[in-house]
Amino acid sequence: MKESQKYWNPVLETLPIEKIRELQLGKFKKIFKWAYDHSKFHRKLYDAAGVKPKDIRSFEDIRHVPTVEKSMMRDIQGKDPFPYGDALCVPLEEVTIFRQTSGTTGQPVYQPDTWQDWEWWMESWAYILWAQGYRPSDRVFIPFGYNIFVAFWAGHYAAEKIGCEVIPGGVLDTKARILKIQELRATAMMGTPTYILGMAETARMKMDVDPSKLTIEKITCAGECGASIPSTKKRLQDAWGAKVYDHAGATEIGAWSFECQEQPGGMHVNEALFLAEIADMETGEIIEEPGRRGKMIITALDRQAQPCVRFDSKDVIEWAAEPCSCGRTSRLIQGGVVGRADDITKVKGVLLAPSAIEEVVRSVDGLGDEYEVVVDKVGDADQIKLRVEVLPEAQDQYQLIETELQDQLRLKTNLRYDLEICGCETLPRYEVKAKRFKDLRKQKSED
Ligand SMILES: [Zn+2]
């Protein structure tokens, strides 16, 4: 693979759009038949809806295939073939790796993969890394402890696959990771936005190291929406003096999207490997036009052990109006994944997406990177408490910061907040995914 080659797969990444659709339809028919023929779970679901493999002739027909919810996967696991249950499409002895979801929204879901599936994971990550400028000359540091979650395993192996040199920084603590980056002059890195920002803070405040003076040139973020939120992306890029790219993927789905080097304000869906559909959150109608948000229904077109066929991902996305200037023909989703259908909540009758608060907090000068939102009911009224941290150099500007924050929040979210401005480093820090948004109303109704 030549360093100068622009695309990882020059054929698939530049296919005319009608050819992509043809490929997707053909692959969908195959994976649907595979799931129908090899898994009791899928056959029962499709028989109940009266949809058989021979019925799929067009994209319109695909819309009649029932979606799979995470809760359905939870219900079958723990049963035979143990522990995956009957969505498994291959004999147990062909499964080579176990992983599970992080369980932030409930009991974790198990995910088996065969060796072939694992090679598919690596291949899909190779598209991502190549599009973000990773080349064989890169030295990639992964500041992440691998475990039962899929996070960064495939990124690691894909980096090796494209010829990079990989430094697994797993068991090191944050300071040791920074020193290792410095010592080995790593050029690229992968992590969650929360952790990558936290690393920069540790370097600056506890080690007197300016991370922007280190050798990191590009960072791939995943696991949270941050790298697609403009103010968070800016903080990440300024802190590290590096280009920061977003990627969204999931254990049950695969690595389905990536931001390219053009940074077009959105992410490509890897349409040669995935079929993404956007469903209206109220009516379920499939949205084709740009600019209308809905939740993503997604199919991994080549994954076999536990197929992902029309999975209701709950990721909220919208199609971009224009194709990307990088020449890839796959569609872009505007602004990346803008939230989770589960997280978007009504406060005082107004729809609130937690990412909108993040966008504001990170855009105000003088505030630290951390914040915390608590929604509660006081009497009959909803109340939103927002805690932020002020940086040491802005201690004398409390009033100014408070006014700007309140104005921007009102403008972007149409809501008023009960603000609490805290000292530096008083809010919780997170190692992987942050839990900054708490809705106590939900907890009360569940008690
Ligand atoms: Zn592009």
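To continue, consider the overall build of the protein. If you tally the helices and strands in the protein, you get 12 helices and 20 strands. Relative to the compact-globule value of 22 Å for 447 residues, the protein shows a C-alpha radius of gyration of 22 Å, a close match. On the principal axes, the C-alpha backbone points of the protein span a range of 70 × 60 × 45 Å. Here the protein holds 447 residues, and 42% of them are scored as buried. Taking as baseline every contact in the protein between residues at least 6 positions apart, the subset at least 24 positions apart corresponds to 68%.

Turning next to the domain arrangement of the protein. Under the domain assignment used here, the protein contains domain 1 (12–119 + 249–340), domain 2 (132–246) and domain 3 (345–446). The straight-line distance from the C-alpha centre of domain 1 to that of domain 3 is 33 Å. When its residues are assigned to classes, the side of domain 1 that touches domain 3 shows one nonpolar, three polar and no charged.

Attention now moves to the packing of helix α7 (residues 174–184) against helix α8 (residues 193–206). The geometry of α7 relative to α8 is characterised by a closest axis approach of 10 Å and an angle of 85° between their N-to-C directions. The angle between α7 and α8 falls in the class roughly perpendicular. Mapping the contact onto sequence places Thr174, Lys175, Arg177 and Ile178 in α7 and Met199, Thr202, Ala203 and Lys206 in α8. Taken together, the residues that form the contact of α7 with α8 break down as three nonpolar, two polar and three charged.

To continue, consider α7. Residues Arg177, Ile178 and Ile181 constitute the buried set of α7. Projected down its long axis, α7 shows its buried positions confined to an angular sector of 100°, all on one face. Where the residues of α7 are buried, they touch β3 (139–142) and α8. The positive-phi residue at the C-terminal boundary of α7 is Arg185, with phi of around 55°.

The strand order across the open sheet formed by four strands is β19-β18-β17-β20, and the pairing between neighbours is mixed. Unpaired on one side and paired on the other, β19 (418–422) and β20 (437–439) mark the two borders of the sheet. Each neighbouring strand pair of the sheet contributes to a mean axis angle of 15°, computed without reference to strand direction. As defined by bridge partners, strand β18 (residues 381–390) adjoins β19 across five bridges and the pair is classed as parallel. Looking at β19, one finds that Lys385 is bridged to Asp418. Helix α10 (residues 354–361) rests against β17 (367–378), β18 and β20 of the sheet, and its axis sits at about 140° to β17.

Moving on: the sheet that holds strand β9 (residues 266–269). Taken in spatial order, the three strands make up an open sheet running β8-β9-β13, and their pairing is antiparallel. Taken across any chain shown, the strands that pair with only one partner, and hence form the sheet edges, are β8 (257–258) and β13 (332–334). In the sheet, β9 pairs with β13 via three bridges, with the strands oriented antiparallel. Counterpart to Gly266 in the pairing with β13 is Gln334.

When we look at burial in helix α9 (residues 230–240), the residues that qualify are Thr232, Lys233, Arg235, Leu236, Ala239 and Trp240. Along the axis of α9, the buried residues cluster in a sector spanning 160°; they form a single face. Phi turns positive, to about 55°, at Gly241, one or two residues after α9.

Further remarks concern the nonpolar core. One finds Val140, Ile216, Ile219, Phe274 and Ile298 to be the most contacted residues of the largest nonpolar core, which totals 100 residues. Looking at which element gives the most residues to this core, the answer is helix α5 (residues 115–131), with nine residues. Grouped together as the second largest cluster of nonpolar side chains are 13 residues, Val361, Leu367, Tyr371 and Leu409 included.

Right, let's get into the packing of α10 against helix α11 (residues 398–413). At a minimum axis distance of 10 Å, the contact between α10 and α11 shows a crossing angle of 145°. The hand of the α10/α11 crossing is right-handed. For the pair α10 and α11, the contacting residues are Ala356, Ile357, Glu359 and Val360 in the first and Leu405, Gln408, Leu409, Lys412 and Thr413 in the second. In terms of residue class, the contact of α10 with α11 is built from five nonpolar, two polar and two charged.

By the element assignment, Lys52 lies in the loop between α2 (40–49) and α3 (59–62). For the pair formed by Lys52 and Phe32, sequence separation is 20 residues and the distance between their alpha carbons is 8.8 Å.

Criteria and cut-off values
- Residues numbered from 1 in each chain as written.
- Predicted model: local features only at pLDDT ≥ 70, side-chain atom pairs only at ≥ 80, totals over all residues.
- Helix = DSSP H or I, 4+ residues; strand = E, 2+ residues; numbered from the N terminus.
- Rg over C-alpha atoms; globule rule 2.2 N^0.38 Å.
- Buried ≥ 20, exposed ≤ 12 C-beta atoms within 10 Å, placed from the backbone.
- Contact = placed C-beta atoms within 7 Å.
- Domains from an automatic or database assignment.
- Nonpolar A, V, L, I, M, F, W, Y, C, P; charged D, E, K, R; others polar.
- Axes fitted to C-alpha atoms, helices over the stretch in contact; angles between N-to-C directions.
- Parallel < 35°, antiparallel > 145°, perpendicular 65-115°, else oblique.
- Arc of directions from axis to C-beta.
- Pairing = 2+ DSSP bridges.
- Core = buried A, V, L, I, M, F, W, Y, C linked by C-beta atoms within 7 Å.
- Left-handed = near helix turned anticlockwise from the far one by under 90°.

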